[in-house]
Amino acid sequence: MPHVSTGELLRAAVSQHTPLGLKARSYMDNGELVPDELVLALLEERLQSADAQRGWILDGFPRNVAQADTLEQVLEQMNQRYDHVLNLEVPVEIIVQRLLRRGRTDDSEAIIRNRLEVYQAQTAPLIQFYQQRNQLHSINGHAPVEAVAASLRQAIGG
Ligand code: AMP
């Protein structure tokens, strides 16, 4: 199954200087969410490609409740669905350490902390959104890679 990361799709648009990439760039540089309509346009195009017709793993999407609502509509129109929602839980200070080591251009400590604030305000409400629908698996992400992989596999019943 293809790994579909909206952050990666956006970074590709930025590096190719597409009109969408030019609009998205300043949001990403500041650790803010890119406007929903831009992200949705990229995602819809990606989900329509041939390799995405038999499943996918969405990563970094949805990031707010409006995106989650739109995802339901988009998938219905495309006659697709998802089976699992996975929430990887990691203590905040461990996240900061990990991202600083990764060293992406938007991984300065100030921007990371802003992304975490945006997460609390806009993305965290999705936990309840998917819990209410009985669709959420919470996974301890503060463990060795093999252990996290095993928990993920177990959550999706594989
Ligand atoms: P990521 O690669 O998931 O860490 O995303 C990097 C940046 O891309 C984020 O800080 C946002 O600016 C933007 N981004 C990625 N996914 C989304 C999304 N679903 N909605 C809005 N902005 C996003």
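The coordinates are above.
1. Side note on the environment of His142
Here's step 1: On the secondary structure map, His142 appears in the loop between β4 (136–140) and α8 (145–155).
Here's step 2: Excluding its chain neighbours within four sequence positions, the residues that come into contact with His142 are Glu89, Val90, Pro91, Ile94 and Arg98.

2. Some details on the site of the ligand
Here's step 1: As a matter of local geometry, the ligand sits amid 15 residues, with Thr6, Arg11, Glu32, Gln67 and Arg104 nearest to it.
Here's step 2: At 2.6 Å from an oxygen atom of the ligand is found a main-chain nitrogen or oxygen belonging to Glu32.
Here's step 3: At a separation of 2.9 Å, a nitrogen atom of the ligand approaches a polar side-chain atom of Gln67.
Here's step 4: A total of 480 Å² of accessible area belongs to the ligand in isolation, and the protein chains cover 93% of it.

3. Focus: the side chain of Asn87
Here's step 1: Tracing the sequence through the fold places Asn87 in strand β3 (residues 85–89).
Here's step 2: Residues contacting Asn87, with those up to four places away along its chain left out, are Tyr119, Ile127, Leu136, His137, Ser138 and Ile139.

4. Here's the deal with helix α2 (residues 19–30)
The α-helix winds at 3.6 residues per turn, so residues separated by three or four positions along the chain end up facing the same way.
Here's step 1: For α2, the complete set of buried residues consists of Leu20, Gly21, Ala24 and Met28. Projection of α2 onto a plane perpendicular to its axis shows the buried side chains occupying an angular sector of 75°, all on one side. Of the exposed residues in α2, those oriented more than 90 degrees away from the buried face are Pro19, Leu22 and Lys23.
Here's step 2: Contact partners of the buried residues in α2: α1 (6–15) and α3 (36–48).
Here's step 3: Looking at the residues trailing α2, positive phi occurs at Gly31, about 75°.

Rules of the game
Residues numbered from 1 in each chain as written. Predicted model: local features only at pLDDT ≥ 70, side-chain atom pairs only at ≥ 80, totals over all residues. Heavy atoms only, no water. Helix = DSSP H or I, 4+ residues; strand = E, 2+ residues; numbered from the N terminus. Contact = heavy atoms within 4.5 Å. Near = heavy atom within 4 Å. Polar contact = N/O pair within 3.5 Å; in protein donor to acceptor, adjacent residues only side chain to side chain. Areas by Shrake-Rupley, 256 points an atom, 1.4 Å probe, with all protein chains shown as cover. Buried < 20%, exposed > 50% of the residue type's maximum accessible area, 1.4 Å probe, protein only. Arc of directions from axis to C-beta.

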